[in-house]
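# Coordinate inspection notes
This is what each chain is made of:
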Amino acid sequence: MKKIFYIYVCIVLLSVISLGIVLAAFTYKNKYIGSTFTIGSAVIKLLQDLSIGPDTSNLTDELPGPLFDNISEGWKYEYPIKIFNSGTTRINLSSRANYTTANDPDNLRDIIYVEVFEWNDSNYNGLYDSEEKGASFGAPKTILRWKNDGIDMGQMDSAQTSGFLLTFSTPSVTDTKQGKSGLFDFEFNSLSL
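The paragraphs below set out a description of the structure included in this document. Small disclaimer: the values here were computed from a predicted structure and weren't measured. (Residues numbered from 1 in each chain as written. Predicted model: local features only at pLDDT ≥ 70, side-chain atom pairs only at ≥ 80, totals over all residues. Heavy atoms only, no water.)

Here we take up the pattern of salt bridges. Any two side chains of opposite charge can pair, so long as their charged atoms come close to each other. All chains considered together, the criterion is met by six salt bridges. In this structure, Lys45 engages Asp61 in a salt bridge whose closest nitrogen and oxygen atoms are separated by 2.8 Å. Placement of Lys45 in strand β1 (residues 44–47) and of Asp61 in the loop between β2 (59–60) and β3 (75–85) is noted, with a sequence separation of 16 residues between them. When the shortest N-O distance is used, the salt bridge between Arg109 and Asp104 registers 2.8 Å. (Salt bridge = Lys/Arg side-chain N within 4 Å of Asp/Glu carboxyl O. Helix = DSSP H or I, 4+ residues; strand = E, 2+ residues; numbered from the N terminus.)

Set out below in structure tokens:
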């Protein structure tokens with residue numbers, strides 16, 4: 001009985017080895033080793049000094065906002081900024097106002113308008129000259145509409161610096177608004193394309 005068992009085990013082992021040799025004779029494989037996947041980035045930076053390019057020491061995520069005093073009927077102020085796409089992908093740039101109602105108790109958000117224009121700083125001096133004003137990114141919006149709707153500011157390629165002109169205005173100011181103030185943030189957002 002042991003002899004039959006050993007013969008049976010030997011036949012099974014020889015069959016498995018033979019099958020392995022036959023499969024090995026007809027298989028071949030190739031492979032890619034160490035494939036790397038890197039996610040692109042959509043990072044934007046603000047230029048601190050508009051007359052200097054996108055040097056690392058000139059780029060920041062936040063800047064103090066401007067102080068607008070003595071606003072009256074027909075007031076207008078043009079505020080230039082530059083944004084650098086330090087990410088690795090082409091982006092769609094947009095902007096929004098941000099505030100809390102507690103920081104604008106007198107609803108100045110309803111009477112102050114903003115319109116965003118392209119700004120081509122052709123002489124690279126960082127100062128806005130009237131002939132450098134480009135196309136508008138849409139009709140003027142109140143700060144309330146700017147917060148709720150945002151403003152699409154077009155596309156930017158990686159490593160591109162773009163200039164923009166934020167034009168603030170108010171057509172009229174009622175007597176009840178005299179001496180009042182509001183605090184608003186302006187935010188710029190990038191979305192990778």
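We now examine unusual backbone geometry. Positive phi outside glycine occurs at Asn70, with the angle close to 55 degrees. As for its placement among the helices and strands, Asn70 is situated in the loop between β2 and β3. On the accessibility criterion, Asn70 (72% relative accessible area) is exposed. Phi at Tyr124 is positive, roughly 55 degrees, even though this residue is not glycine. Among the structural elements, Tyr124 can be located in the loop between β5 (113–119) and β6 (133–136). (Buried < 20%, exposed > 50% of the residue type's maximum accessible area, 1.4 Å probe, protein only.)

Counting 24 residues, the largest nonpolar core has Ile83, Leu93 and Phe188 as the members making the most contacts within it. Of all elements in the fold, only β1, β3, β4 (91–98), β5, α2 (143–149), β8 (151–156) and β9 (161–170) reach the threshold of two or more residues within this core. Sequence-distant contacts of Ile83, defined by excluding residues within four places in its chain, comprise Ile44, Lys45, Leu46, Leu47, Leu93, Met156, Gln160, Thr161, Ser162, Phe164 and Phe188. Listed in part, the seven residues of the second largest apolar core include Leu47, Leu50, Phe84 and Phe117. (Core = buried A, V, L, I, M, F, W, Y, C linked by side-chain atoms within 4.5 Å. Contact = heavy atoms within 4.5 Å.)

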